[in-house]
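# Understanding the architecture of this molecule
Now for the letters of each chain:
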Amino acid sequence: MACMQCEQTENGTGCFSVGVCGKDATTAAAQDALVHQLKAIGYWATALREAGKEVPVSASEFTIRSAFSTLTNVNFDADAIANFSKEAEAVRASLQAAAEAAGAKAEDAPATATWSPSAFDKDSVATAGHAVGLEARSAGADADVFAAQEMAVYGLKGAAAYACHALEAGKSSEEVYARLHKVLATLAAGPNASGVDLGSSLGLALEVGAVNVNVMAMLDQGHTEKFGSPVPTPVNHARTAGKAILVSGHDLVDLEALLQQTEGTGVNVYTHGEMLPAHGYPGLKKYSHLVGHYGGPWNLQKFEFRRFPGPILMTTNCIMEPQTAYADRIYTANEVGWPSTQHVTGRDYSKLIEQAKAMEGFPETEPEKTTLTGFGHSAVMSVAGDVLKAIEDGNLKQLVLIGGCDGFEGERSYFTKLAQALPDEAAILTLGCGKFRVLNKTSGSAVIPNTGIPRVLDMGQCNDAYSAVHVATELAGALKCGVNDLPLSLALSWLEQKAVAVLLSLLHLGVKGIRVGPSAPAFVTPNIYKALQDGFDLKVVDADAAEADAAEMMR
Ligand code: FS2
Ligand code: SF4
């Protein structure tokens with residue numbers, strides 16, 4: 001196997017025998033095959049649209065769902081990936097037949113467009129995947145062009161994941177699907193195709209960022225139409241006596257269904273990880289048995305889940321190898337998979353509810369410990385006048401966005417140190433599971449001097465980077481300046497491909513001076529890094545320079 005798509009990759013270079021995440025070689029190679037098949041689907045879907053024909057919605061939805069299954073910490077089940085691969089071949093064959101009927105010619109297509117595993121048990125798919133993995137595809141290619149194309153693939157996986165969340169929330173877009181397919185079609189031609197160079201491949205990655213802006217907007221709309229605009233809300237991090245179910249991941253629609261099915265049963269529901277911002281949505285906070293949040297970021301789950309006295313539902317990323325202590329009470333849903341865990345389909349949570357009832361639950365209620373969430377774009381913009389006045393009066397000197405992913409690495413303490421080094425005249429906007437590096441680690445109840453505005457504003461999930469973009473654009477409009485002229489600094493903690501998509505979106509929007517860490521992606525070559533430094537003043541953080549960076553942000 002060879003995989004370097006995430007920040008935790010071994011030695012910062014690549015996972016070559018088993019993933020640091022726990023992904024085995026068979027699953028990794030099967031995912032390589034599936035991604036190659038998705039490029040073929042992109043090619044034929046694009047050919048079909050160019051012939052003036054419609055692409056079936058089912059083919060587009062299959063594209064995003066299967067791409068999401070290959071994201072870091074989502075699906076570790078080689079059998080499930082092999083099933084996606086089998087379906088991919090059926091989707092490709094049907095799109096190709098329709099495109100050929102409309103005049104497209106197979107002989108004009110790149111080899112990738114007609115590639116497929118010959119059998120669909122997991123070992124056959126993995127064997128086929130070895131032939132189209134990183135090492136095979138990079139042989140003979142320009143290293144920089146290849147790397148830029150990989151960056152586009154990883155960003156596309158992140159955008160596909162958000163598109164899946166949007167779909168669950170009732171939102172989809174043919175334009176988004178067409179643009180994602182077109183990116184895949186370009187990738188099908190590969191790094192050696194005529195006219196492909198570093199500039200065009202970086203442009204392709206930025207096109208993924210552009211599409212992802214639309215996807216995040218669509219998801220924001222889906223969430224707010226379904227559950228209302230988030231409002232500032234204290235979230236209780238203490239336990240409440242009683243039976244309990246824990247829900248992790250990003251899928252608010254799964255949480256709503258679980259809240260509906262547990263209503264009146266005496267079972268309390270707790271959020272975990274990226275589900276924390278759910279407490280700010282009127283349509284979810286109205287359930288009195290949504291009693292609080294349990295635990296920290298995804299990477300602490302092995303320690304925290306064993307102590308949770310009830311079933312656990314993983315709706316999206318990030319799952320880790322279930323430990324014996326809780327293996328019989330962790331459930332996956334949607335694109336998430338781990339061999340041997342129970343998988344929920346059709347949002348039927350009856351098994352979890354019965355299991356929760358049979359367990360002891362929490363024995364007693366602890367004193368409340370709260371943090372605030374719910375500062376989406378509408379809540380922040382409702383105090384925009386106060387924010388602008390605070391800027392004018394000098395009470396607010398800098399807005400600092402510290403968000404993204406969390407992870408194990410000691411160097412990730414950079415983001416906590418940065419937050420702690422910022423003075424009270426800096427407001428900290430946070431989002432994603434990276435928020436756990438900030439919440440409770442700073443003076444959480446503090447307000448910006450001489451204002452009632454909290455210093456730490458939790459804007460939501462990683463996809464709520466859209467809210468941050470929205471606020472920045474509105475403030476720039478009010479101050480009659482560009483986003484890069486605002487008193488705004490960004491520090492992005494990255495781990496997986498959703499963060500790649502968010503970064504590409506920010507770059508597409510022309511945001512400069514972003515700090516990224518805790519380390520540079522393994523897939524970024526020195527020449528790509530130089531191009532991003534020259535074009536966007538992108539900086540990779542130094543774990544020991546948090547205080548110096550805070551001082552520079554306040555200058
Ligand atoms: Fe955190 Fe994990 Fe949000 Fe990422 S829960 S690192 O995949 O998606 O942010
Ligand atoms: Fe390694 Fe990350 Fe790939 Fe897992 S997803 S195999 S940790 S690079």
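Because the structure is predicted, anything quoted here is derived from the model rather than measured. (Residues numbered from 1 in each chain as written. Chains lettered and ligands numbered in written order. Predicted model: local features only at pLDDT ≥ 70, side-chain atom pairs only at ≥ 80, totals over all residues. Heavy atoms only, no water.)

## Some details on the overall build of the protein
Put simply, the rule is: Numbering goes from the N terminus for both helices and strands, where a helix is a DSSP run of H or I of at least four residues and a strand is a run of E of at least two. For a compact globule the rule gives 2.2 Å times the number of residues to the power 0.38, and the radius of gyration it is set against comes from C-alpha atoms. Throughout this description, buried means an accessible area under 20% of the type-specific maximum (1.4 Å probe, protein chains only), exposed means over 50%, and partly exposed covers the range between. We call two residues in contact whenever any of their non-hydrogen atoms come within 4.5 Å of each other. Each accessible area is a Shrake-Rupley result for a 1.4 Å probe, and residues are judged covered by the shown protein chains and nothing else. Think of it this way: Lys and Arg go in the positive column, Asp and Glu in the negative one, and His and the chain ends go nowhere. The atom standing in for a charge is NZ when the residue is Lys, CZ when it is Arg, CG when it is Asp and CD when it is Glu.
When helices and strands are tallied, the protein shows 19 helices and 14 strands. Here the protein has a C-alpha radius of gyration of 23 Å; the compact-globule value for 555 residues is 24 Å, and the two agree. Structurally, the protein occupies a C-alpha span of about 70 × 60 × 45 Å along its principal axes. Out of the 555 residues belonging to the protein, those deemed buried represent 61%. Taking the intrachain contacts of the protein between residues at least 6 apart in sequence as the baseline, contacts between residues at least 24 apart amount to 76%. Entry remark: accessible area of the protein is about 19,900 Å², with carbon and sulfur atoms responsible for 51%. When the 42 basic and 62 acidic side-chain charges of the protein are each reduced to a single mean position, those positions are 3 Å apart.

## Digging into the packing of helix 1 (residues 25-50) against helix 4 (residues 122-130)
The condition is simple: The angle between two axes is taken between their N-to-C directions and runs from 0 to 180 degrees, where each axis is a line fitted to C-alpha atoms and a helix contributes only its stretch in contact. In this scheme, roughly parallel covers angles under 35 degrees and roughly antiparallel covers those over 145, while 65 to 115 is roughly perpendicular and the rest are oblique. Two helices cross in a left-handed way if the nearer one is turned anticlockwise from the farther one by less than a right angle. They cross in a right-handed way if the turn is clockwise.
Interhelical geometry of helix 1 versus helix 4 gives an angle of 65° and a closest axis separation of 7 Å. Relative to helix 4, the element helix 1 is oriented roughly perpendicular. Crossing of helix 1 against helix 4: the hand is left-handed. Seen from helix 1, the contacting residues are Thr26, Ala29, Ala30, Asp32 and Ala33; seen from helix 4, they are Lys122, Asp123, Val125, Ala126, Gly129 and His130.

## Some points on the pattern of salt bridges
Worth spelling out the cut-off: Salt bridges are counted wherever a side-chain nitrogen of Lys or Arg sits within 4 Å of a carboxyl oxygen of Asp or Glu.
Applying the stated rule across the entire model yields 24 salt bridges. Salt-bridge contacts for Glu366 lead to Arg239; the nearest nitrogen and oxygen are separated by 3.6 Å. Linking Glu366 in the loop between helix 12 (350-358) and strand 8 (370-373) with Arg239 in the loop between strand 1 (233-236) and strand 2 (243-248), this pair joins segments that are 127 residues apart in sequence. Accessibility expressed as a relative area gives 23% for Arg239, which makes it partly exposed. Salt-bridge contacts for Asp537 lead to Lys539; the nearest nitrogen and oxygen are separated by 3.1 Å. Judged by its relative accessible area of 38%, Asp537 falls in the partly exposed class. Exposure remark for Lys539: the relative accessible area of 24% places this residue in the partly exposed category.

## Re the site of ligand 1
Under the convention used in this document: Near residues are defined by distance, with any heavy atom within 4 Å of the molecule or strand qualifying the residue. Definition of a polar contact: a pair of N or O atoms within 3.5 Å, with one able to donate and the other able to accept a hydrogen when the atoms are protein atoms, and with sequence-neighbouring residues admitted only if both atoms are side-chain atoms. Think of it as three bins: nonpolar holds Ala, Val, Leu, Ile, Met, Phe, Trp, Tyr, Cys and Pro, charged holds Asp, Glu, Lys and Arg, and polar takes everything else, Gly as well. Domain segmentation is taken from an automatic or database assignment of domains.
Ligand 1 sits among His250, Glu274, Trp298, Asn317, Cys318, Cys405, Cys433, Cys462, Leu495, Glu496 and Lys498. Within the side chain of Asn317, an N or O atom sits 2.5 Å from an oxygen atom of ligand 1. For ligand 1, an oxygen atom lies 2.4 Å from a polar atom in the side chain of Glu496. The residue inventory of the shell around ligand 1, partitioned by class, reads six nonpolar, two polar and three charged. Two domains each put at least three residues into the shell around ligand 1: domain 2 (233-358) and domain 3 (374-554).

## Considerations on the domain arrangement of the protein
Put simply, the rule is: By convention, the term buried area covers the 1.4 Å-probe accessible surface removed from two parts as they join, with the contributions of both added.
Assigned domains within the protein: domain 1 (10-225), domain 2 (233-358) and domain 3 (374-554). Relative placement of domain 1 and domain 2: their C-alpha centres are 30 Å apart. The interface of domain 1 with domain 2 comprises 15 residues on the first partner and 17 residues on the second. Both sides of the domain 1 and domain 2 interface together cover about 1,400 Å² of buried area, and 57% of this is carbon and sulfur. Seen at the junction of domain 1 and domain 2, the total is two salt bridges.

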